[in-house]
Amino acid sequence: MTDNLKKSLLKYKAPGIFEETRYEKLHNVIVQSSTEGSKLIANSIALLIKEKHDQNEMCVLGLATGSSPLSVYRELVRLHNEEGLSFKNVISFNLDEYYPLVKEDVQSYHYFMYSNLFDHIDIKPENINIPNGEVALDQVRKSCIAYDKKIKSLGGIDLQILGIGRTGHIGFNEPGSHLNSQTRTITLDHLTRFDAAPAFQGIENVPRKAITMGIQTILNAKRVLLMAWGSYKAEIIQKAIEGEISNLIPTTYLQHHKNTTIILDNEAASELTRIKTPWLVTSCEWNEANRSKAILWLCETTAKSILKLTDKDYNQHGMSDLLAQHGSAYDLNIEMFNKLQRSISGWPGGKPSADDKYRPERAQPSSKRIIIFSPHPDDDVISMGGTFDRLVSQGHEVHIAYQTSGNIAVSDQDALKYLEVTSDFIDTKEDASMVELKKAFDAVNPQKPAPSSICNLKASIRKRESLGATRYIGIPDSQVHFMNLPFYETGMITKNPVSPVDIDLTVALIEKIKPHQIYAAGDLADPHGTHRVCLDVVFESLQILKSKKFMDDCWVWLYRGAWHEWDVHEIEMAVPMSPDQVLRKRKAIFYHQSQKDGVMFQGNDHREFWVRAEERNASTAEKYQALGLAEYAAIEAFKRYFY
Ligand code: F6R
């Protein structure tokens, strides 16, 4: 990020309309990571608080909840603890609250704000304002009017921070909200309730209504910063920034506001025209990555395979300068075709004694030590079961590292079943730990973190299922490592921040095995989700280890997690699978029985994991075929990571 961009984020100055932003109607800056973006936002909040303090004024902040601002609040707490930032001159107004919901409920935004921010800073309790989810139905309207009035009486909000929902909501202003809306109750969209379902342990527990600041209330703020992290938000961000103002996407109303900046990480920005197809916007730097991206896009747009693209196709689709630089379509096509052809390899650990000049992996050493990091105990087989199987059958020493216990994803009913099976064989009334478990199940309360006895039982179920799968593929139990990283062990959906213990455990495992290859889940969809946290733990450990001699021989490959696949232009190793290999992979996934049929955290895709995996791998194979390459039943895809 350039200094100018930083400045424009910290202190907004209307940006000019540049050629590359001609599709865009909202000022935005793109940062390398959500951590970088969160720090910038926290710094701009801190700067404003200090400025106001120096002028003897109160600073009125509009605050949001949800996963997006979590790291902003963490940074603010750090600034308070370590750099003496005081919040004594801050008055805060939160955007929204579920209705009805009591303040003590762990899912309430009251609870969220106190546990993530207010309990850790010196803001005066009387200066905290959050819409009241407990107020009686006939009093709600009055309390909403009073909320807006109070904001006005204090001179309005100086700085409002916002997240964005997948419906395009800001606050809880769902599609259909009016430009002039004030603070009010609103019925939540199904998609919003669906997204909140895991936290509430099921959609049936998510309140149907909420109280939210209105669009007008938000637009009255003097400065607005909206943040979005992860590819999960990319589509709605593109619509909000490039679309016309419409009540169907309430975020577009921010186009009326003259002092708004959107802060995006690379993944959330990935659907913007200037990022996705830069050649359509301005002259583009034709490096290898952009060439591949553009040529494969051209194939898709013209429905042609690579070798059938003509000069005319290039010229008609904004790529004439690429042609001018590289001669003819013929040369460009051949280069692209060879590149893709060379990404295909049935030897993911390298082909012993073969010429490896154009192969994705090295031939030597012919037998490699390998660690597959799997965020949950099943991502290994779901996302790279075919490759895992090949690596083992081709004689490599494969270790699996299950990073978290995955206990949260086992249902109570499933866990109880195991307890009951046990009680058919031993007298559970005589066994203290069994008695404790039974008591814990009798007292289950979804509003409270699950007790450790139940978490341990659930972790054990996932461990045993995993060992079933790894034994089926053929590795000894001694090569299966259950890391149980502590950041995950909260008994709740909300996890702890990563601690040095998580990193130490990962560093120690890599150091012990000294691998030639590491595989990790490169899931970039949700930066606060477990997959992304697990990836960051691996990345940080690699940074710590990279000066060690053995790391010179260690290559890192990223698979893409259960939800997404790499775009073809990103794939550097494509491992094909025969129909029989697909069936073996399916069987390995079936060992994870607690994750079959209506699992707890399915996300917005209702297919079972094995179906998703098979359809994803078949679709990659179809894409290769459509580009003019050989026809395979399925392909697993990887991208190399350079640390
Ligand atoms: C939160 C709020 C919502 C969220 C939005 C995104 O107070 O009003 O608009 O900002 O739903 O949520 P996350 O950040 O969890 O993706």
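The model shown is predicted, which means the values in this text are computed figures rather than measured ones.

Taken as a whole, this structure holds 31 salt bridges when the rule is applied. K52 is the partner of E57 in a salt bridge, and the nearest nitrogen-oxygen pair spans 3.1 Å. A relative accessible area of 35% means that E57 is categorised as partly exposed. K52 sits in the buried class, given a relative accessible area of 14%. When the shortest N-O distance is used, the salt bridge between E288 and K339 registers 3.5 Å.

This next bit is on the confidence of the model for the protein chain. Looking at the protein chain as a whole, its pLDDT mean stands at 93, while 96% of the residues score no less than 70. Taken as a whole, residues 12-17 scores under 50 in pLDDT and shows 9 contacts with residues more than four places along the chain or in a different chain.

As summarised here, the arrangement of the 7 strands in space is β1-β10-β9-β6-β2-β3-β5, forming an open sheet in which the pairing is parallel. Each end of this open sheet is capped by a strand with a single partner; those strands are β1 (28-31) and β5 (128-129). Direction of pairing for strand β2 (residues 59-63) relative to strand β6 (residues 159-162): parallel, over a ladder of 2 bridges. Bridge pairing links L61 to L159 in β6. Strands in contact with helix α2 (residues 34-54) are β1, β2, β3 (90-94), β6, β9 (224-228) and β10 (260-265); relative to β2, the strand with the most contacts, it is inclined by about 155°.

Turning our attention to the site of the ligand. Close to the ligand lie 13 residues; S68, D96, H169, G171 and K233 are nearest. The separation between an oxygen atom of the ligand and a polar main-chain atom of S67 is 2.7 Å. Side-chain polar atom of K233 to an oxygen atom of the ligand: 2.6 Å apart, as the coordinates give it. Grouping the constituent residues of the shell around the ligand by class yields 3 nonpolar, 8 polar and 2 charged.

Okay, the packing of helix α16 (residues 432-442) against helix α17 (residues 452-473) next. One can describe the packing of α16 onto α17 by two numbers: an axis separation of 9 Å at closest approach and a directional angle of 105°. Between α16 and α17, the angle is such that the two are roughly perpendicular. Together, E436, L437, A440 and F441 of α16 and S453, I454 and L457 of α17 make up the contact between the two elements. Among the residues forming the contact of α16 with α17, the class breakdown is 5 nonpolar, 1 polar and 1 charged.

Scoring rules and cut-offs
- Residues numbered from 1 in each chain as written.
- Predicted model: local features only at pLDDT ≥ 70, side-chain atom pairs only at ≥ 80, totals over all residues.
- Heavy atoms only, no water.
- Salt bridge = Lys/Arg side-chain N within 4 Å of Asp/Glu carboxyl O.
- Buried < 20%, exposed > 50% of the residue type's maximum accessible area, 1.4 Å probe, protein only.
- pLDDT = per-residue confidence, 0-100.
- Contact = heavy atoms within 4.5 Å.
- Pairing = 2+ DSSP bridges.
- Helix = DSSP H or I, 4+ residues; strand = E, 2+ residues; numbered from the N terminus.
- Axes fitted to C-alpha atoms, helices over the stretch in contact; angles between N-to-C directions.
- Near = heavy atom within 4 Å.
- Polar contact = N/O pair within 3.5 Å; in protein donor to acceptor, adjacent residues only side chain to side chain.
- Nonpolar A, V, L, I, M, F, W, Y, C, P; charged D, E, K, R; others polar.
- Parallel < 35°, antiparallel > 145°, perpendicular 65-115°, else oblique.

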